[in-house]
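Structural description and commentary
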Amino acid sequence: MVFQVLCETVTEGAQALEPWKFKISYDKLVIACGAQARTFGIHGVAENAIFLREVHHAQEIRKKLLLNLMLSDVPGVTEEEKRRLLHCVVVGGGPTGVEFSGELSDFIMRDVRRKYAHVKDYIHVTLIEASEILSSFDDRLRHYATKQLVKSGVHLVRGIVKDVQPEKLILTDGAEVPYGLLVWSTGVGASPFVKSIDLPKSPGGRIGVDEWLRVPGVEDVFAIGDCSGFLESTGKPVLPTLAQVAERQGKYLARLLNEIGKQGGGRAKKAKDMELGDPFVYRHLGSMATIGRYKALVDLRQSKEARGLSLAGFGSWFIWRSAYLTRVISWRNRFYVAVNWLTTLIFGRDLTRI
């Protein structure tokens, strides 16, 4: 029997192409399709907000910000419209939202205000979060981040978004927040594709896996990354949707598949009763987040309740940058990233390209 998977090409952004379908035969199938931004069913989010997930999202944010800067300088633009165009709103106070808010505020303070003098009294960043920012971090680090973000010019608002319209969003308390750029960073959830396939599901709607990352009931199929989670029957906790989880799962599964191949189970339906060895165990290495102004947070606790090392300030920022470089795939790319950091530090960011 030949196992096949039906595929369809997907492209997003301005250069999206017409999809076409094809089939691929497999002996072992690994599902690692990630997740999608969570909107909580709020009206208007998908149509008006930009997410922080893909490369084209970053390009869209840059284009939108620079276009708004130019539009704000058009003769005849009212004061109210200028404030709206130059109001950058970020929804979501997790590490991604906080990092983006801090870096965007840095970008505005160091580069935009210097080269676009007319906007210095209008452009600002607002971060909206339903509860506490960085809720998974140590309390001391969270308070430090709040203080630094406010100092760097980020306006923190505690509230829940009820509706998103093309030029403003509405909170549950009735407050209206006009915006020119809206970035949505409220975590991720199961994608429509994951929800649609007939496979066991873990809490949260992700593909359910056992201790060896196998999908029960479907032979030779594995799932890793944000699209997967342990089944309740395993008794294991829900895995966080973090890059370090996916990386660790990928390395574990690569070793497991190599071992299966050595034992003669590489072909389809040949590893059914094979001994697989030790199950996958995830140990949290800690969390890091940059908050702008050459400052960052490092929280090396195993969990929120556990004890461990936590640092904040310039030293943490240096650790964060060093750790980031170690995760870049090749020495060539590490060199490019380091050179880009250096040129940005000396000359500022390039505002000429859209």
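Our structure's up above, just so we're on the same page.
To keep things clear, this report deals only with the structure shown in the data block. (Residues numbered from 1 in each chain as written. Predicted model: local features only at pLDDT ≥ 70, side-chain atom pairs only at ≥ 80, totals over all residues. Heavy atoms only, no water.)

Moving on to the packing of aromatic side chains. Inspection of the entire model under this criterion finds 8 aromatic pairs. A network of ring pairs unites the aromatic residues Tyr294, Phe314 and Trp317 as a single cluster. Above the face of the Tyr122 ring, Lys82 is positioned so that its terminal group lies 5.1 Å from the ring centre. We note Arg321 situated over the ring of Trp341; from NZ or CZ to the ring centre the distance is 4.1 Å. (Phe/Tyr/Trp six-rings, centres within 6.5 Å; stacked < 30°, edge-to-face > 60°. Lys NZ or Arg CZ within 6 Å of the ring centre and 35° of its normal.)

This part is about the side chain of Ser202. Positionally, Ser202 belongs in the loop between α6 (192–196) and β14 (207–209). Taking relative accessible area as the criterion, Ser202 reaches 6% and is therefore assigned buried. Each residue touching Ser202, except ones within four places of it in the same chain, is listed here: Ile207, Gly208, Gly229, Phe230 and Leu231. (Helix = DSSP H or I, 4+ residues; strand = E, 2+ residues; numbered from the N terminus. Buried < 20%, exposed > 50% of the residue type's maximum accessible area, 1.4 Å probe, protein only. Contact = heavy atoms within 4.5 Å.)

Orientation of helix α8 (residues 314–327) relative to helix α9 (residues 331–347), taken along the N-to-C sense of each, is 150°, at an axis distance of 9 Å. Accordingly, the angle class assigned to the pair α8 and α9 is roughly antiparallel. The interaxial crossing formed by α8 with α9 has right-handed handedness. Contacts between α8 and α9 involve Arg321, Tyr324, Leu325 and Thr326 from the first element and Arg334, Val337, Ala338 and Trp341 from the second. (Axes fitted to C-alpha atoms, helices over the stretch in contact; angles between N-to-C directions. Parallel < 35°, antiparallel > 145°, perpendicular 65-115°, else oblique. Left-handed = near helix turned anticlockwise from the far one by under 90°.)

Attention shifts here to unusual backbone geometry. For residues that are not glycine, phi is negative in most cases, and the peptide bond is trans in most cases. Unlike most non-glycine residues, Asp220 shows phi in positive territory, near 65°. Note on placement: Asp220 falls in the loop between β14 and β15 (221–223). Of the residues examined, Asp220 reaches a relative accessible area of 8% and is grouped as buried. Of note in the backbone geometry, Tyr294 takes a positive phi value of approximately 60° without being a glycine. If you trace the backbone, Tyr294 turns up in the loop between β17 (287–292) and β18 (295–299). Assessed through its relative accessible area of 30%, Tyr294 is described here as partly exposed.

An α-helical segment advances 3.6 residues per turn. Residues three or four places apart therefore align on the same side. In this model, α9 (17 residues) spans 24 Å end to end at C-alpha, consistent with the 24 Å of a helix rising 1.5 Å per residue. Two residues or fewer past α9, Gly348 is found with a positive phi of approximately 85°. (Expected span 1.5 Å × (residues − 1).)

What follows concerns the pairing of β18. Counting buried positions along β18 gives 4 out of 5 residues, so the element sits mostly inside the fold. The sheet contact formed by β17 and β18 spans 5 bridges and is antiparallel. Paired with Ala289 across the bridge in β18 is Leu297. With 4 bridges connecting them, β18 and strand β19 (residues 310–313) associate as antiparallel partners. Note on β19: the bridge partner recorded for Ala296 is Gly313. (Pairing = 2+ DSSP bridges.)

With that settled, the discussion passes to the pattern of salt bridges. What the rule picks out here adds up to 16 salt bridges. As a salt-bridge pair, Asp27 and Arg267 come within 3.6 Å of each other at their nearest N and O atoms. Placement of the pair is Asp27 in the loop between β2 (21–26) and β3 (29–31) and Arg267 in the loop between α7 (243–262) and β17, with a sequence separation of 240 residues. What makes Asp27 partly exposed here is its relative accessible area of 29%. Among the residues examined, Arg267 registers a relative accessible area of 59% and is labelled exposed. (Salt bridge = Lys/Arg side-chain N within 4 Å of Asp/Glu carboxyl O.)

As a further point, take helix α2 (residues 55–71). Compared with an ideal rise of 1.5 Å per residue, which puts 17 residues at 24 Å, α2 spans 24 Å between its outermost C-alpha atoms and is within 8% of the ideal. All buried positions along α2 are accounted for by His57, Ile61, Leu65, Leu66, Asn68 and Leu69. The arc enclosing the buried residues of α2, seen along the axis, measures out at 160°, which places them on a common side. What points out from α2, more than 90 degrees from its buried face, is the exposed set Val55 and Gln59. Next to the buried residues of α2 lie β5 (50–51), α3 (79–85), β6 (87–91), α4 (95–115) and β12 (181–184). (Arc of directions from axis to C-beta.)

That's the geometry; what it means functionally is another story.
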